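Residue-level listing of the chains:
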Amino acid sequence: MSASPVTLMVARRVANGRYQDFNRWLNEGRELAADFPGYLGSGVLAPPQDDDEYQIIFRFSSSNTLAAWEHSASRHAWLMRGKGLYDAPYEQRATGLDAWFQTAPGAVPPRWKQAIAIWLAFFPVSLLFQSLFGGLLAEWSLVPRVAVSTLMLTPVMVFVFIPLSMRLLSPWLQGKWSLTDLVARWRHSHKV
């Protein structure tokens with residue numbers, strides 16, 4: 001079993017338009033997971049407007065702590081309460097940074113693509129943070145200023161913006177689009 005943090009990524013399609021029931025059930029599951037030792041956090045990516053598949057991410061400190069949660073009676077009971085709220089569940093596990101990028105077992109894009117995808121998520125969020133809070137923190141010494149900014153930005157990046165970047169850039173990361181295709185699509189979407 002791995003001693004590195006492990007991410008469980010779950011895709012679930014909402015059944016019969018039961019979005020409110022599904023979201024309540026999902027939040028209950030996230031609260032349940034938070035009570036288990038080794039829980040590091042979770043996140044949810046809502047589907048685009050024309051889809052109904054949610055991406056749910058649970059992160060634990062090790063394979064052992066993830067397994068304890070997965071095989072618990074309380075998680076089993078929660079999954080039973082969710083019957084009928086979702087169709088076609090799909091689960092995937094990954095460790096380390098590759099957890100964000102793995103699209104199929106063993107399929108991970110090159111590190112240079114991973115670096116670009118993370119930078120594309122990090123730059124706008126850092127820029128926004130600096131524009132909102134940079135003036136307030138300017139008088140602080142370096143270590144407290146960096147500590148506060150990283151404490152505020154890391155959860156936002158890990159649970160929201162990096163997964164969002166991975167989802168938006170997925171065709172490029174998987175080699176289905178070239179960098180030229182991405183630029184062309186961006187230009188097309190920003191035409192006035």
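Parameters and conventions
- Residues numbered from 1 in each chain as written.
- Predicted model: local features only at pLDDT ≥ 70, side-chain atom pairs only at ≥ 80, totals over all residues.
- Heavy atoms only, no water.
- Helix = DSSP H or I, 4+ residues; strand = E, 2+ residues; numbered from the N terminus.
- Buried < 20%, exposed > 50% of the residue type's maximum accessible area, 1.4 Å probe, protein only.
- Contact = heavy atoms within 4.5 Å.
- Areas by Shrake-Rupley, 256 points an atom, 1.4 Å probe, with all protein chains shown as cover.
- Core = buried A, V, L, I, M, F, W, Y, C linked by side-chain atoms within 4.5 Å.
- Phe/Tyr/Trp six-rings, centres within 6.5 Å; stacked < 30°, edge-to-face > 60°.
- Patch = residues over 30% accessible without salt bridge, like charges linked within 9 Å, V, L, I, M, F, W, Y side chains within 5 Å.
- Salt bridge = Lys/Arg side-chain N within 4 Å of Asp/Glu carboxyl O.
- Axes fitted to C-alpha atoms, helices over the stretch in contact; angles between N-to-C directions.
- Parallel < 35°, antiparallel > 145°, perpendicular 65-115°, else oblique.

J.: Which residues make up the overall build of the protein chain, and what values do they have?
T.: The helix and strand inventory of the protein chain stands at eight helices and four strands. Counting helices and strands in the order they occur from the N terminus, the protein chain gives β-α-β-β-α-α-β-α-α-α-α-α. Going through the 192 residues of the protein chain one by one, you find that 36% of them count as buried. Across the protein chain, contacts joining residues at least 24 apart in sequence account for 68% of those joining residues at least 6 apart. Surface exposure of the protein chain reaches about 11500 Å², of which carbon and sulfur atoms provide 62%.

J.: So what's going on with the nonpolar core? Which residues, and what values?
T.: Where a protein is soluble and globular, its nonpolar side chains tend to be buried together. Phe 22, Trp 25, Ile 56, Phe 58, Phe 60 and Trp 69 are the most contacted members of the largest nonpolar core, which totals 20 residues. Secondary-structure elements contributing two or more residues to this core are strand S1 (6-14), helix H1 (19-34), strand S3 (53-60), helix H2 (63-70) and helix H3 (73-81). Element by element, the count of residues in this core is highest for H1, at five residues. Core analysis: the next-biggest nonpolar cluster, separate from the first, contains 12 residues, Ala 121, Leu 137, Leu 153 and Leu 173 among them.

J.: I'd like a description of the packing of aromatic side chains, backed by residues and values.
T.: If you walk through the whole model with that rule in mind, you get 10 aromatic pairs. Where Phe 60 meets Trp 69, the ring centres are 5.3 Å apart and the plane angle is 25°; that geometry is what we call stacked. Both residues of the pair, Phe 60 and Trp 69, belong to the buried class. Linked through ring pairs, Phe 22, Trp 25, Tyr 54, Trp 78 and Tyr 86 together constitute an aromatic cluster.

J.: Got a sec to walk through a nonpolar patch on the surface? Specific residues and values, please.
T.: Together, Val 156, Val 160, Phe 161, Leu 164 and Leu 168 line one region of the surface with nonpolar side chains, adding up to about 380 Å² of accessible area. As for its position among the elements, Phe 161 is in helix H6 (residues 142-168).

J.: If you had to explain the packing of H1 against H3 to someone new, which residues and values would you point to?
T.: Helix packing geometry: the angle between the two helix axes and the distance between the axes. Interhelical geometry of H1 versus H3 gives an angle of 175° and a closest axis separation of 10 Å. Here H3 runs roughly antiparallel to H1, going by the angle between their axes. For the pair H1 and H3, contact is made by Trp 25, Leu 26, Glu 28, Gly 29 and Leu 32 and by Ser 74, Arg 75, Trp 78, Leu 79 and Arg 81, respectively.

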